Every structure is written in C-alpha cells, then in structure tokens.
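Remarks on the overall topology
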Amino acid sequence: MLLLKEMVMVIDIKDRVKCAALQGKIVTAYDAALLINPNDKVGISGFTPSGYAKAVPLALAERMEKEPFKIDLWTGASVGDEADGALTRANGINRRFPYQTNGDTRKALNSGAVKYIDMHLSTMAQNVRYGFFGDLDVAIVEVCQINEDGSLVPTTSVGNSPTFVSQAKKVIVEVNVSQPLSLVGMHDIYEPLDPPHRKPIPLETPGDRIGTEAIPCDPSKIVAVVPCDVPDTTRPLAPIDDDAKAMSQHLIKFFEQEIAEGRLPKNLLPLQSGVGSVANAVISGLAKGPFTDLSIYTEVIQDGMFDLIDAGKVTVCSGTALSPSPDGLKRFYANIDEYRKKIILRPQEISNNPGIARRIGVIAMNTAIEFDIFGNVNSTHIMGSKMMNGVGGSGDFARSAYLTIFCTNSVAKNGDISSIVPYVSHVDHPEHDTMIFCTEQGVADCRGLSPVERARLIIEKCAHPDYKPMLTEYLEKALAATKNAHTPMLLDEALSWHKRFTETGSMKK
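Identification of the protein as Succinate CoA transferase from Veillonella dispar ATCC 17748 is taken from an unreviewed UniProt entry. You can read under Sequence similarities (unreviewed entry) in the UniProt record for the protein the words "Belongs to the acetyl-CoA hydrolase/transferase family."

This paragraph deals with the side chain of Gln302. Among the structural elements, Gln302 can be located in the loop between strand 11 (300–301) and helix 10 (303–310). Excluding residues within four positions of it along the chain, Gln302 makes contact with Leu237, Gly274, Val275, Gly276, Asn280, Ser323 and Pro324.

A few words on the pattern of salt bridges. Counting across every chain of the model gives 26 salt bridges. Notably, a salt bridge pairs Lys54 with Asp232, separated by 2.9 Å at the nearest N-O pair. Of this pair, Lys54 sits in the loop between strand 1 (41–44) and helix 3 (55–66) while Asp232 is found in the loop between strand 8 (222–228) and helix 8 (242–260), placing the two residues 178 residues apart along the sequence. Asp232 shares its class with Lys54; the two are buried. Glu62 is the salt-bridge partner of Lys66, the closest N and O atoms lying 3.7 Å from each other. Placement of both Lys66 and Glu62 in helix 3 is noted, with a separation of four residues, approximately one turn of the helix.

Our next topic: the domain arrangement of the protein. The domain boundaries assigned to the protein delineate domain 1 (14–228) and domain 2 (242–465). Of note, the centres of domain 1 and domain 2, computed from C-alpha atoms alone, are 28 Å apart. With 48 residues of domain 1 at the interface, the matching set in domain 2 holds 44 residues. Each partner contributes to the roughly 3,600 Å² buried at the junction of domain 1 and domain 2, and carbon and sulfur atoms together form 56% of this total. Run the count over domain 1 and domain 2 and you get two salt bridges. Here domain 1 and domain 2 share 30 residue pairs in polar contact (both at pLDDT 80 or more) between them. Contributions of two or more residues to the side of domain 1 that touches domain 2 are made by helix 5 (103–110), helix 6 (124–130) and helix 7 (161–167). When residues in the side of domain 1 that touches domain 2 are grouped by element, the largest group, four residues, is from helix 6. Looking at the side of domain 1 that touches domain 2 residue by residue, the classes come out as 20 nonpolar, 20 polar and eight charged.

Further remarks concern the sheet that holds strand 17 (residues 377–378). Spatial ordering of the open sheet is given by 17-16-23, a layout of three strands whose pairing is mixed. Each edge of the sheet is formed by a strand with only one pairing partner; in this case those strands are strand 17 and strand 23 (420–421). Sheet analysis places strand 16 (residues 370–372) next to strand 17, joined by two bridges and oriented antiparallel. Residue pairing for strand 17: Glu370 is matched across the bridge by Asn378.

When we look at burial in helix 11 (residues 326–334), the residues that qualify are Gly328, Leu329 and Phe332. The buried residues of helix 11 occupy an angular sector of 100° when projected down its axis, which confines them to one face. More than 90 degrees from the buried face of helix 11, the exposed residues found are Asp327, Lys330 and Ala334. As for helix 11, its buried residues are in contact with helix 10, strand 13 (321–322), helix 12 (336–339) and strand 14 (343–345).

Interhelical geometry of helix 16 (residues 451–462) versus helix 17 (residues 468–482) gives an angle of 165° and a closest axis separation of 10 Å. It follows that helix 16 is roughly antiparallel to helix 17 by the angle criterion. Here the hand of the crossing between helix 16 and helix 17 comes out left-handed. Residues Val452, Ala455, Arg456, Ile459 and Glu460 of helix 16 lie in contact with helix 17, whose contacting residues are Lys468, Leu471, Thr472, Leu475, Glu476 and Leu479. Here the contact of helix 16 with helix 17 is built from residues that sort into six nonpolar, one polar and four charged.

Attention now goes to the pairing of strand 1. With three bridges joining them, strand 1 and strand 2 (residues 71–74) adopt parallel strand pairing. Looking at strand 2, one finds that Gly43 is bridged to Trp74. A crossover connection joins strand 1 to the parallel strand 2 through helix 3; in handedness this β-α-β unit is right-handed. Summarising the sheet, strand 1 and strand 5 (residues 138–146) pair through three bridges and their orientation is parallel.

Attention now moves to the UniProt feature "active site" (unreviewed entry) in the protein. Sites flagged by UniProt as "active site" (unreviewed entry) map to Glu299. Excluding anything up to four places from it in sequence, Glu299 contacts Phe47, Leu121, Gln272, Gly274, Val275, Gly319, Thr320, Ala321, Ser351, Asn352 and Gly393.

With that out of the way, let us pick up the nonpolar core. In terms of nonpolar packing, the biggest core is built from 72 residues, with Ile146, Phe255, Ile343 and Ile363 touching the most fellow members. Shared between two domains, this core takes at least three residues from each, and those domains are domain 1 (14–228) and domain 2 (242–465). Excluding its chain neighbours within four sequence positions, the residues that come into contact with Ile343 are Met186, Arg209, Ile301, Phe306, Ile309, Cys317, Leu322 and Phe332. Ala55, Ile71, Tyr116 and Ile172 belong to the second-largest nonpolar core, a separate cluster that totals 41 residues.

So, about unusual backbone geometry. Between Phe97 and the following residue, Pro98, the backbone shows a cis peptide bond with an omega angle of 15°. Its place among the elements puts Pro98 in the loop between strand 3 (93–97) and helix 5. Here the bond from Pro195 into Pro196 is cis, since omega is 10°, no more than 30 degrees from zero. Its place among the elements puts Pro196 in the loop between strand 7 (170–176) and strand 8. A positive phi angle, near 60°, is found at Leu268, a position not held by glycine. Tracing the backbone through its elements, the reader meets Leu268 in the loop between helix 8 and strand 9 (271–273). Under the relative-accessibility criterion, Leu268 is labelled buried at 2%. Positive phi is not limited to glycine here, since Asp293 has a value of about 55°. Mapped onto the fold, Asp293 is located in the loop between helix 9 (277–286) and strand 10 (294–297). In this structure Asp293 comes out as partly exposed when scored by relative accessible area, which is 48%.

Calculation notes
Residues numbered from 1 in each chain as written. Predicted model: local features only at pLDDT ≥ 70, side-chain atom pairs only at ≥ 80, totals over all residues. Heavy atoms only, no water. UniProt positions renumbered as here; feature names shortened; annotations may be inferred. Helix = DSSP H or I, 4+ residues; strand = E, 2+ residues; numbered from the N terminus. Contact = heavy atoms within 4.5 Å. Salt bridge = Lys/Arg side-chain N within 4 Å of Asp/Glu carboxyl O. Buried < 20%, exposed > 50% of the residue type's maximum accessible area, 1.4 Å probe, protein only. Domains from an automatic or database assignment. Buried area = accessible area lost by both parts, 1.4 Å probe. Polar contact = N/O pair within 3.5 Å; in protein donor to acceptor, adjacent residues only side chain to side chain. Nonpolar A, V, L, I, M, F, W, Y, C, P; charged D, E, K, R; others polar. Pairing = 2+ DSSP bridges. Arc of directions from axis to C-beta. Axes fitted to C-alpha atoms, helices over the stretch in contact; angles between N-to-C directions. Parallel < 35°, antiparallel > 145°, perpendicular 65-115°, else oblique. Left-handed = near helix turned anticlockwise from the far one by under 90°. Right-handed = clockwise from strand over helix to strand, strands pointing away. Core = buried A, V, L, I, M, F, W, Y, C linked by side-chain atoms within 4.5 Å.

Laid out in structure tokens, this is it:
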C-alpha cells in the first residue's frame, strides 16, 4: 500500500479516467482534503466496509489533527476505519448518520462527543434530496472507473452515492485501482423523482434492471480526482456454531411447513437477510437445504450468499453492497466473472425500498439484540441506553415483508443475559411489525395471536430453559395483577431484569 502523498505520483489512473476533461484534475488526497471546509456537510460512498472513500478521509483526518475542525459525516451505512475511525480519533465529526459499526465512533457517540442520528436506511437519500439536513457541501465517492461522459462506476457498494453526487455542491472522486474493472456492469443505478413528480419504481422481480450501469455526474461538478490503492477492510464473521446451525434447521422446517400449507412456493419468495454472523449463518444453512431457484432481494451480500450461489441454488442476488468476510472478499474477487452473472448492486433506497419489498413479497430475516414476550424487538441499544450500531435496514423490511423473522441466540454473556425478556429496554420494531421469532431453541410463529398467546408461545419455543420459569412467573403474576389485561405488564418489574444485570452482572435471580 502506498503512502497518500505518493499516490498521485505512482498510481497511474489515466486509463480509468476516460473523461478527457478530468485528466487535469488528478491530485493527491491531501490536495483534495483542502477542498473541504470546517462545518461542511460531507457525504461519502460506502455501505458496510465496502466501496467507501478511504484516501481523502485519511488525509482529512491528518489535516484535522493539525488544524482542529469538524464536519457532519453522511454515509450509506457503516464504513471502514479509514473514514469513521480516523475522523473520530481526530475529533473531526460533529454529526453522524445514518448507521455505524466502528468501535471508536461508538464510544464517541455514547459519550456525547458525536451527535448521532439513527434512521431507517431507505429514507436517507430522499431526506437528503428533501433538504431535511441542510445542503450537502461535498460528496466523496469511490469508483473503479470514470466514463467518457463523467458518469461514475461504483465499486463494491452503491448505498447513497447517486444522491450524494446529484445533491452535492462539489464532488471528489477516488479512483481505487485495488477494485477490479470486472465490477463494471454489475450496478443498476436508479434515483426516483421526488413528490409530486415521483413515478412507480418499475421493478417487479429481483432480477429486473431499471437504471444505468454508472452514476450520472456532470464533469464540471467534479473538483478533484484522487488515485487510491487502499482495499476494502471488511470484517471477519464468527464461525458457524451449533446455535446458528440449529436456527437454520428450525427455519428450513418452518419454510417446508409453509410450502406444505400452500403459503409459500417451492422456491420460497425473495430472501432478505441482515448483517452479521447470525444472519450470515442462517443464509449459509439454506445452501444445504432442499430449496432451489432462490432469489435474493436484500441490502448486503455476505459469505452465505456466495454459498448459495456456489451451490447452484440462486437465480439472482440483488443488494446494495458486498459485505463478506476478508476470506469471502478474496473468494468474490477470485470468482468475480461467475458471481457477476448473478449479482446486481443498486442504490439503497431501491434495495431497501418498503414498497418493492411489499410488492415482491420479501421474506425478511434480521437479527435482534433482544425481544420481549409480546413480540417487541430491540435491534440497537444495550441495556436501553448504549447504542450498538443502528437500526440499519431491518425496519425497511420488517413492516413491509411477506414474512418477518427475527433471529437471535436465546442467551448472551455466557447465559447471564436472556435475549427474551419481559419487556425490551428499547423498541425498534413494535409487536405490530413482527411475526416469527427464532432462536436455537425453536421457532415461534406469532401470526394471528393475541399478546398473551404470543407471550406463551415465545416463552415455550424460544426462551432458554434457564429463563423459562422466570418468564412464566412474570407473565402469570402480570395477568393476576392486571386482571387479565390485554397486554399485562408490571410497570415496576418490566425492566427489572435489565436492572438486575447492571447491578449484579446477571439477569438470573
């Protein structure tokens, strides 16, 4: 990897910059960073640690160390340490949204040093266009190629880049030579019009292509073109353990029953899976299942999706970002000519669009931190207060999916935390948006059940044996105290399990 100061002198990107008007704008990352002013609102490419701007954020952080100032940082979702981490450590972020996973950034936002706004990922682009957050000053976008007309070919993610490019006053482009030109043609860029001019999004199946292969951009908006050779730094995934295998098997049996009941076709419906090790493990398990001709309509494409493609079980895989493990990324690059036949990368307001999810009947499988006996889900906060990452795209799909499934291990912290509690410490997905719950213990299908019926089934099917008696005791006590109320709750005890953990280190009595 080259030093930032050396990149423009050593990395030849002229063959990737096909727009003649931009050849004279090739500069160092340091020179590009000088074009960003204090208090600017800066949108950068990236969705998960894939396709994110790297060289300019690193140079900007170095500048902030010498000349303290802050910016507002907007992204697609989480980005790599070269952006979130470096800028946080330079004390250079004032306001950050819509999603993050960086350890330093998490500490900063939980200490109040960074103002963090968590939001549904499908809403970010249109909110930028609506002007809800003010004018976007600068867009920094990673590409593998700039076309003759100035249009930009993204790399391993699309995210919010099309809207950042269209709305920014000035655009800085990082041409990353570590990203292969084989990515050209994998993208489908479509940016909706805004009300009152918006038209129906003309996508009817996951394999439809409705846009262009590159992001439209007026070359006159591009103020700098920066060479870069820094690869994506993706996160490792936890090994697929027995609990994850059990969850996969429970869901396979559930899907088989749905097929037998005539509620699903034999090839299921388009699958969506959230980010992380549990979600990846569940998808990977389907590769050994009986289902074929599967389609994927999701936000992130992880190793498990590659397993499905390699097993010959996927017809198309649509998402907004490639988010594999480091080994999975090598696997993707090594087989890119085959994977590109199946994979389409779209803007996140299309990949996560609730209207499309409702229309095509997505099966949404996402991960919970905890859920309660009535079906409320916490996806974001530890013990109600400390932000973990963010709601991500789970809410985009949960309310609109044909089937909404939330998965988690039944316990955490070596059994000292029950993931099924009397009442969640933070609500991201209310009971109205949830249907099916899965842990290694089993599956609770809560469709058509009243709150008390839900509670009994969730305790029976999903709770760990160590906590079942405690949950049952709470429910019966609440029923008695409220005289069989519709949603029986003991206000003084509803969060007592979390309180007990913070005081003793365990939820157990």
